[in-house]
Structures are given as structure tokens and as C-alpha cells.
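In case you want the letters, here they are:
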Amino acid sequence: VRSVTVPDPGEEPKVYIVPASLDDQASIVMAEAWDALTHRDLSMGYAPSEVIDAGTSLYRTVQGARFTTFSGYKTYLTRIFSAEMVTPFVSGAKSANGWYEGGYLEGDGDALCYGEAARGANIYYNGIAYTEPKTQADGTLRFGMLALLSDDGGEPGGPTTRAEYLAVVLAPTADGWRVSRMSLPY
């Protein structure tokens, strides 16, 4: 494996582990996908941000955040993910209970808005390993991400006793790789 650092002006840079055999562009796209998925699924939003409506849990990013416009964020996503993976990121809407959740949405003046939706990480997650990426007949790269987990009955961070297989697919495009399948291992 190799490490790829993703900078974020509003937060500490994040380091992601990717397969060593990926080329530089594929490695960067995969690390950026990790970061985008983390900001969507674990810690919704980018810092700094401000509350627009506390009653509905709606926030918007402000100056100093990595992304401050909806259009800029959506363009960024299209450089990382296939079209079908972009949709869940930009489909934020009010839920039946009136809270905003489930992705980012466009606010007034092209503001990047989001709902509070952190889910927390799997406390039994110990790390990852990868299977070797293989080029398929359609040109995609497919490989497995193995989430290394401790036993459900053990202490969090205990010895790894099992692995969960998660498929990763990178699709070639005219201007580089796009992640067309990936999920967080924790």
C-alpha cells in the first residue's frame, strides 16, 4: 500500500491508504473518494460552517472551507466519481420529520448546504488490506478492500479476527480514472 494525503484548508490534512500498484492519478482519485465519502457518511459537511436553520439542522460552509459553492463541489465530485455515484452526494432534501439529511444541496447564491448526519465509525475496525487490482475486459480496475475487524465479542481495537470484503471499481475516462464503486470500510 501507499499513503496519499488530501489537504483541507478548514481541517487537518487526511492520509488515506491505497493499493501501491495504482498509478498516481488513480491513487489520488481513490484518496479523494475516501475523503468525500467520509465527509458524506461520517462527518457531514466541511469546516468551517454556520447554522442556517437549527430547527431543521441545515448548515452552509463559509469562507475557509474546502468547498463553499454547490457548483464547485459538484464539479469536484464529477472529477472523482462516475455519474451514478455523484447523485447521492448532491441529493440532500428534507426528511419526513423536517430535518435535512442524506447529502449536500444548493442554497441561496450557490451556497453549499448540508444537514447534520454523522453516523459514527465501526468501533471494531482495525485497518484495511487490498487485493491486487486487476484490469477487466471493459477497461475497469477491480479489486477488494478488506476491512480488518476485531471479533464482535472482543474489545474495540483488539486482535483482527475477521475481514469484510468490499468491492472497489475504478473506471477509465478520457481524462482519467473515476471511482464507480466504493464504500467506507468502517
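This text follows the structure it describes.
Residues numbered from 1 in each chain as written. Predicted model: local features only at pLDDT ≥ 70, side-chain atom pairs only at ≥ 80, totals over all residues. Heavy atoms only, no water.

A.B. asks: Can you help me understand the environment of Thr 56 in this one?
C.D. replies: Following the sequence through the fold, Thr 56 ends up in the loop between strand S3 (49–53) and strand S4 (58–61). For the pair Thr 56 and Trp 99, spaced 43 residues apart in the sequence, the C-alpha separation amounts to 4.3 Å. (Helix = DSSP H or I, 4+ residues; strand = E, 2+ residues; numbered from the N terminus.)

A.B. asks: Explanation requested: unusual backbone geometry in the structure shown.
C.D. replies: Here the residue pair Ala 47 and Pro 48 is connected by a cis peptide bond, since its omega of -5° sits within 30 degrees of zero. Along the chain, Pro 48 falls in the loop between helix H1 (24–41) and S3. Backbone geometry at Ser 57 places phi at a positive 60°, although glycine is not the residue there. In this structure, Ser 57 sits in the loop between S3 and S4. Notably, Asp 110 is not glycine yet its phi reads approximately 70°, a positive angle. On the secondary structure map, Asp 110 appears in the loop between strand S7 (104–106) and strand S8 (112–115).

A.B. asks: Which parts of the structure should I look at to understand the nonpolar core?
C.D. replies: Residues Met 30, Trp 34, Tyr 73, Leu 77, Phe 81, Met 145 and Met 182 are the most contacted members of the largest nonpolar core, which totals 45 residues. Element by element, the count of residues in this core is highest for H1, at eight residues. Setting aside its immediate chain neighbours within four residues, Tyr 73 contacts Tyr 46, Phe 67, Phe 89, Tyr 104 and Leu 112. With five residues, the next largest nonpolar core counts Leu 58, Leu 105, Ala 111 and Cys 113 among its residues. (Core = buried A, V, L, I, M, F, W, Y, C linked by side-chain atoms within 4.5 Å. Buried < 20%, exposed > 50% of the residue type's maximum accessible area, 1.4 Å probe, protein only. Contact = heavy atoms within 4.5 Å.)

A.B. asks: Help me understand the pairing of S4, please; the structure alone is not making it clear to me.
C.D. replies: In summary, the side chains of a regular strand alternate between the two faces of the sheet. With four bridges connecting them, S3 and S4 associate as antiparallel partners. Bridging across to S4, Asp 53 finds its partner in Leu 58. The loop that links S3 with its antiparallel partner S4 comprises four residues; one of these, Ser 57, has a positive phi angle of about 60°. Of the pairings in the sheet, the one linking S4 to S8 comprises three bridges and is antiparallel in character. From the neighbouring strand, Tyr 59 faces S8, where its bridge partner is Tyr 114. (Pairing = 2+ DSSP bridges.)

A.B. asks: Please clarify how the environment of Tyr 165 should be interpreted in this entry.
C.D. replies: By the secondary structure assignment, Tyr 165 is in strand S12 (residues 160–173). For Tyr 165, a relative accessible area of 52% translates into the label exposed. Sequence separation between Tyr 165 and Met 145 is 20 residues, and the spatial gap between their C-alpha atoms is 5.9 Å.

A.B. asks: I'm lost on the packing of aromatic side chains in this one. Help?
C.D. replies: Geometry of an aromatic ring pair is reported as the spacing of the ring centres plus the angle between the planes. In the structure shown here, the tally under the stated rule is 14 aromatic pairs. Here a set of aromatic residues connected by ring pairs shows up, and it is made of Tyr 46, Tyr 59, Phe 67, Tyr 73, Tyr 76, Tyr 104 and Tyr 114. Above the plane of the ring of Phe 89 lies Arg 40, whose end atom (NZ or CZ) is 4.5 Å from the centre. (Phe/Tyr/Trp six-rings, centres within 6.5 Å; stacked < 30°, edge-to-face > 60°. Lys NZ or Arg CZ within 6 Å of the ring centre and 35° of its normal.)

Limitation: the analysis is restricted to geometry and does not speak to function.
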